[in-house]
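# Commentary on secondary and tertiary structure
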There are 2 protein chains.
Amino acid sequence: MNEKEISLAVIKRLPRYYRYLGELMENDVVRISSKELSERMKVTASQIRQDLNNFGGFGQQGYGYNVEYLYTEIGKILGLDRRYNVVIVGAGNLGQALANYTDFEKRGFMVTGLFDVNPRLIGMTIRGIEVRLVDELEEFVKSHNVDIAALTLPKAKAPGVAADLVKWGVRGIWNFAPTDLNLPSDIVVENVHLAESLMRVSYNLKNREWEHEI
Amino acid sequence: MNEKEISLAVIKRLPRYYRYLGELMENDVVRISSKELSERMKVTASQIRQDLNNFGGFGQQGYGYNVEYLYTEIGKILGLDRRYNVVIVGAGNLGQALANYTDFEKRGFMVTGLFDVNPRLIGMTIRGIEVRLVDELEEFVKSHNVDIAALTLPKAKAPGVAADLVKWGVRGIWNFAPTDLNLPSDIVVENVHLAESLMRVSYNLKNREWEHEI
DNA sequence: TAGATTGTTAATCGATTAACAATC
DNA sequence: TAGATTGTTAATCGATTAACAATC
């Protein structure tokens, strides 16, 4: 079951393929060639074919790719053919925003718990999900088969909570706190560092002008 | 002024260096060698030295790097030595979350305007910033020297609003809508595609187990 | 001065692109 | 069948790592 290792670069591109194929489906496009997809996505056709062939031959010579089939297959590769129970730890603005984002449920990510340290928020509900005190997190995680925890809490608390969650059985951490979590290598950590993203904007604003001159 | 082109990989690492140096400063660490920093950050010392030397020689043989000096210099490289006016278009949960995030102001990103199409939100204030109707966006952008616009609105509206903003003079777009914006190459677009980030979690949850066996 | 560590060149590794034979 | 386009190998390009002379 462990063929060649798939590179991170490839994995990062898969969700974007998936998105484009979904849009093609919405527009009732039945087939597409790597060349046409490459033009829409502004990547090379070669890269698309190489990327897909890491996982199998999904196309047909002389025809191209069936959009719906490829969409489904990439969905399976991404693990979107099942459901995930997600808890959100930190029910501030960002935690609430994530809880309200219905697009995640469409992809199988079900928010089942919302936790906060602030007693004032307790009892409040977001899309039917009650905010619970973080004291109840252990009990909840152990009894609800939680796959993924989104950490939308202050930086100082993130590493401790993450370690606890892992101890209680959570294997995926979606970390929004501006810090690195040092967890065992079998735990999946995906960081969303918004401040760093914003710094890339300022860097590029400073350096974009002269790119004209090249 | 246009020396060698800096690779995207390097640029993406700069904010992380900046964060680690900031933490070292908080802990009153005065100097650090590339070797020690590499151990903390889990990258190679060679990469740190290569990355930094794209911008100049910030260290000293036999000594290492002065933490505060390097922090300041990387800050300058990232364009953090000035202020940026930011507007947020879309005052839903995510837009509100960004408006509330005080860390951005510490780095010089000042949220000066918050806009929405929903008349119910108008008049509401977040950290002193009043939510305005999106109809006022053109007038506001043209008169307030807006550097960056965060787009936290539905996918369908994002490309149109982005094109308008660019027309009105905004040069940096921080896009949270799950779509690609095709804008002129002198415009800085930084995408934060949360759904894609979450899909990488599910991909890795599916594929992480057997990495033990390697 | 001797020791430490940078700045930088050279070697290696990996990812992207190009090319084309296979085949639908 | 002829044309189109994949799957895949080979060539190129770029990024990372290793090595070491320069030098503080």
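The rules behind each value
Residues numbered from 1 in each chain as written. Chains lettered and ligands numbered in written order. Predicted model: local features only at pLDDT ≥ 70, side-chain atom pairs only at ≥ 80, totals over all residues. Heavy atoms only, no water. UniProt positions renumbered as here; feature names shortened; annotations may be inferred. Least-squares fit on C-alpha atoms with pLDDT ≥ 70 in both. Contact = heavy atoms within 4.5 Å. Pairing = 2+ DSSP bridges. Helix = DSSP H or I, 4+ residues; strand = E, 2+ residues; numbered from the N terminus. Axes fitted to C-alpha atoms, helices over the stretch in contact; angles between N-to-C directions. Phe/Tyr/Trp six-rings, centres within 6.5 Å; stacked < 30°, edge-to-face > 60°. Buried < 20%, exposed > 50% of the residue type's maximum accessible area, 1.4 Å probe, protein only. Lys NZ or Arg CZ within 6 Å of the ring centre and 35° of its normal. Near = heavy atom within 4 Å. Polar contact = N/O pair within 3.5 Å; in protein donor to acceptor, adjacent residues only side chain to side chain.

Per an unreviewed UniProt entry, chain A goes by the name Redox-sensing transcriptional repressor Rex and belongs to Anaeromicropila populeti. Regarding chain A, the relevant UniProt record gives this comment under Sequence similarities (unreviewed entry): "Belongs to the transcriptional regulatory Rex family." Quoted straight from UniProt, the Function (unreviewed entry) entry for chain A says "Modulates transcription in response to changes in cellular NADH/NAD(+) redox state."

### Looking at the relation of the copies chain B and chain A
Overlay of chain B on chain A (RMSD 0.0 Å): rotation 180°, translation along the axis 0.0 Å. The two molecules are tied by a two-fold rotation axis, judged by turn and shift. Comparing interface residues between copies, 100% of those in chain B also lie at the interface in chain A; the contact surface is shared.

### Section: the sheet that holds strand S7 (residues 129–133) of chain B
To summarise the sheet geometry, strands pair through backbone hydrogen bonds and adopt either a parallel or an antiparallel arrangement. Residues and elements named next belong to chain B. The seven strands are arranged S6-S7-S5-S4-S8-S9-S10 in an open sheet whose pairing can be described as mixed. Only two strands of the sheet have a single neighbouring strand rather than two, namely strand S6 (125–126) and strand S10 (188–191). By the bridge criterion, three bridges tie strand S5 (residues 109–116) to S7 in an arrangement that is parallel. When the bridges of S7 are listed, Phe 115 appears paired with Arg 132. Across the sheet, helix H8 (residues 158–167) is in contact with strand S4 (84–89), strand S8 (148–151) and strand S9 (172–175); its angle to S8 comes to roughly 170°.

### So, the packing of aromatic side chains
Overall, the coordinates contain 14 aromatic pairs over all chains when judged by the stated rule. Ring centres 4.2 Å apart and planes at 10° place the aromatic pair B:Tyr18 and B:Tyr71 in the stacked group. On the criterion of sequence distance, the pair formed by B:Tyr18 in helix H1 (residues 8–26) and B:Tyr71 in helix H4 (residues 67–77) is long-range, its members being 53 residues apart. You can call B:Tyr18 buried: its relative accessible area is 7%. The class for B:Tyr71 is buried, based on a relative accessible area of 16%. Ring centres of B:Trp174 and B:Phe176 lie 4.9 Å apart, and the angle between their planes is 70°; this geometry places the pair in the edge-to-face category. The class of B:Trp174 is buried, set by a relative accessible area of 2%. Residue class for B:Phe176 comes out buried when judged on its relative accessible area of 8%. Just above the ring of A:Tyr63 sits the side chain of A:Arg31; from NZ or CZ to the centre is 4.7 Å. For the cation-ring pair, B:Arg82 lies above B:Tyr84, with the distance from its terminal atom to the ring centre recorded as 4.0 Å.

### Examining the protein's contact with DNA strand C
The environment of DNA strand C is formed by 26 residues, the closest being A:Ser46, A:Gln50, A:Gln60, B:Ser34 and B:Arg49. Among the atoms of DNA strand C close to the protein, meaning within 4 Å, 57% are from sugar or phosphate groups. Within the contact set of DNA strand C, a phosphate oxygen lies 3.0 Å away from a side-chain nitrogen or oxygen of A:Thr44. Take B:Gly62: an N or O atom from its main chain is 3.0 Å from a sugar or linking oxygen of DNA strand C. Taken together, the elements giving at least two residues each to the surface near DNA strand C come down to helix H1 (8–26) and helix H3 (45–53) of chain A together with helix H3 (45–53), strand S2 (59–60) and strand S3 (64–66) of chain B.

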